Amino acid sequence: MHTITKNYLYNAAYQLLVLLCPIVTAPYLSRVLGAENLGIYSYISASGNIVITLSQLGLYAYGSRQIAYVREQGEQLTGTFWELLLLRAILGGIGTGIYWAYGIWLGNGYGGLFWCYYPYILAQFLDCSWVYVGLEQMKPAVLKNFAAKLINVAGIFLLVRSRENLRRYVLLLAVTALLCNLSIYTQLRHYIGRPVRCPRQLKRHFRGAVALFLPQAAALVYLQMDKVMLGWITGEAQQVSFYDQAEKIISIPLSLITVISTVMMPRLANVYSARRQEQLQKLLLEAGRYGILMAMPMMMGILVVARQMIPWYLGGEFEQTASVMLILSPMVLLNALTGVSGKQYFTATDQTKVLLAAYGVAAGVNGLANALLIPRWGCMGAAEASVAAALCSMAIQYAVLGRQLEIKPMGGYVLRYGAGALGMACVLWGLTHGMRPAWTVTLMQIGGGCLLYGVYLLLCRDPAVQAVKKLLHRKMKNQEPEEEI
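Residues numbered from 1 in each chain as written. Predicted model: local features only at pLDDT ≥ 70, side-chain atom pairs only at ≥ 80, totals over all residues. Heavy atoms only, no water.

A. Layout of the overall build of the protein. Summing up its helical and strand segments, the protein has 18 helices and 0 strands in all. Sorting the 485 residues of the protein into buried and exposed places 56% on the buried side. For the protein, the share of sequence-separated contacts (at least 6 apart) that also reach a separation of at least 24 residues comes to 86%. Entry remark: accessible area of the protein is about 21,400 Å², with carbon and sulfur atoms responsible for 65%. (Helix = DSSP H or I, 4+ residues; strand = E, 2+ residues; numbered from the N terminus. Buried < 20%, exposed > 50% of the residue type's maximum accessible area, 1.4 Å probe, protein only. Contact = heavy atoms within 4.5 Å. Areas by Shrake-Rupley, 256 points an atom, 1.4 Å probe, with all protein chains shown as cover.)

The structure is reproduced here in structure tokens:
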């Protein structure tokens, strides 16, 4: 487990930076650029993500999984990398054409901003971090992401000074992403050799990527189309901005949980390829335990802090964002659960049909719910549609997962950690309800929540806490944890 722990800590450190960056920049941007400009950026970003997903198929997840399968086989590893890189380049050229067509015909008059955003699109086509994920060598990719975030934060405060600087803001984020993605190519020579044969497996890789892409395309509908449909249906950039800001705040706690899926999927794929079923189940349950342990207090915490956080954090113009946050709060737990089933187990074991069914139903539910709810309730209707879609996806995935593995302990985890999180939320609400919105109140709520939940875990002698204590004890004695697999 040493490699998993190390990779989790690398990614967790980066996610802490991801958590801090919007905390620092969001209040500044909400006041300097305003709700309308941020809504325009959200529309362009969501549109670009749709094009990236459609044109790159499922190559990121497929590539990291295939690298995990062959990482101990030097020549095959090199051949697989160059074949996948060539396929990404071909699809990237097609994606570029799709992007410009989209910007011209569906750009809502923001053609110039679509031009500015293109370096970000190109950066995703050239990204090679999937190699490091498959190799379970996260350090180069994490350092690249660190650099990008720090440059973005510095650039925002230095270059974005008024509502006329929206184009500068878009270009800053896009160019930074491109330069940082190019920078990690210099590390590849330590793992990948020069191509020694012509690509022979492009068709097989293409079919494998398409198999993973179909579930992703369905998931895209309810992960990205909310903002696009908000823009289409309401015609109000502010509604898109309210929803997008709430989603970004919800994603802050989620980022620490999704790290588990990032570092666990390659290990599960490697164990699956070695046909070690018992070890596979053990790893999956442990991932589920830690995901639920973190998700429950974060979900409850959002319910407590939302109303008193948004007025001082984003300003009075974004008051409706608090209501959207309350509706979206269950997404923290739902995404943690589907991260275990979908992003880890079904992806690692190549069961894309299950994901396609789950995401397809969820996409249908989301599209219908958006069409019905957005005209009446705007951004809050879009939030309700997202939660309904995520709930459907989770239910389908766990219905199948329960027939393949013993997952009853997961229900126990939800009850155990849910009880502690609910008690924490009730105490915090009783102590802070009625206080005027201020950063000191939010800080007190977050700090008090961590303390109360931590005490609950210690009093329960929770196994996860005991495992962390043992790990820290070994580190203090300079002992390396034993590698289990």
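B. Expanded view of the side chain of Asp462. Checked against the element boundaries, Asp462 lands in the loop between helix 17 (439-459) and helix 18 (463-476). The class of Asp462 is buried, set by a relative accessible area of 0%. A polar atom in the side chain of Asp462 sits 2.7 Å from the side chain of Tyr417. (Polar contact = N/O pair within 3.5 Å; in protein donor to acceptor, adjacent residues only side chain to side chain.)

C. Examining the packing of helix 14 (residues 352-377) against helix 15 (residues 379-404) more closely. The geometry of helix 14 relative to helix 15 is characterised by a closest axis approach of 7 Å and an angle of 160° between their N-to-C directions. As far as their axial angle goes, helix 15 and helix 14 are roughly antiparallel. For the crossing formed where helix 14 meets helix 15, the hand is right-handed. Partitioning the contact of helix 14 with helix 15 into residue classes produces 21 nonpolar, 6 polar and 1 charged. (Axes fitted to C-alpha atoms, helices over the stretch in contact; angles between N-to-C directions. Parallel < 35°, antiparallel > 145°, perpendicular 65-115°, else oblique. Left-handed = near helix turned anticlockwise from the far one by under 90°. Nonpolar A, V, L, I, M, F, W, Y, C, P; charged D, E, K, R; others polar.)

D. Representation of a nonpolar patch on the surface. Residues Leu20, Ile23, Val24 and Phe157 make up a contiguous nonpolar surface patch of roughly 320 Å² in combined accessible area. Here Phe157 shows up in helix 7 (residues 139-159). (Patch = residues over 30% accessible without salt bridge, like charges linked within 9 Å, V, L, I, M, F, W, Y side chains within 5 Å. Salt bridge = Lys/Arg side-chain N within 4 Å of Asp/Glu carboxyl O.)

E. Broad picture of the nonpolar core. Counting residues in hydrophobic clusters, the biggest one holds 107 residues, and the most contacted among them are Tyr169, Leu328, Met410 and Tyr417. No other element matches the 18 residues that helix 11 (residues 277-313) contributes to this core. With 22 residues, the next largest nonpolar core counts Leu57, Leu59, Trp130 and Ile184 among its residues. (Core = buried A, V, L, I, M, F, W, Y, C linked by side-chain atoms within 4.5 Å.)

F. Quick peek at unusual backbone geometry. Positive phi values are uncommon outside glycine, yet Arg461 reaches one of about 50°. Within the element layout of this structure, Arg461 appears in the loop between helix 17 and helix 18.

G. Geometry of the packing of helix 11 against helix 17. Close contact between helix 11 and helix 17 brings their axes to 9 Å; oriented N to C, the two are set at 165°. Comparing the axis directions of helix 11 and helix 17 gives the class roughly antiparallel. Here the hand of the crossing between helix 11 and helix 17 comes out right-handed. Listed contacts from helix 17 to Leu293, Pro297, Val304, Val305, Gln308, Met309 and Trp312 of helix 11 are Trp439, Val441, Thr442, Gln445, Tyr453 and Leu457. By residue class, the composition of the contact of helix 11 with helix 17 is 10 nonpolar, 3 polar and no charged.

H. Geometry of the packing of aromatic side chains. Using the criterion set out here, one finds 15 aromatic pairs in the structure. Their ring planes at 25° and their centres at 6.3 Å tell us that Tyr453 and Tyr456 sit as a pair that is stacked. Here Tyr453 pairs with Tyr456, and both are found in helix 17, just 3 residues apart, close to one helical turn. Classification of Tyr456 by relative accessible area gives partly exposed; the value is 23%. One aromatic cluster in this structure is built from Tyr99, Trp100, Phe114, Trp115 and Tyr118. (Phe/Tyr/Trp six-rings, centres within 6.5 Å; stacked < 30°, edge-to-face > 60°.)

I. Seen up close, the pattern of salt bridges. Tallying each qualifying case throughout the model produces 3 salt bridges. Among the salt bridges present, the one from Lys248 reaches Asp244, with a minimum N-O distance of 3.2 Å. Taken together, the residues span about one helical turn, with Lys248 and Asp244 both in helix 10 (residues 237-273) at a distance of 4 residues. Between Asp462 and Arg416 there is a salt bridge, with the nearest N and O atoms lying 3.7 Å from each other. Of this pair, Asp462 sits in the loop between helix 17 and helix 18 while Arg416 is found in helix 16 (residues 408-432), placing the two residues 46 residues apart along the sequence. Of the residues examined, Arg416 reaches a relative accessible area of 33% and is grouped as partly exposed.

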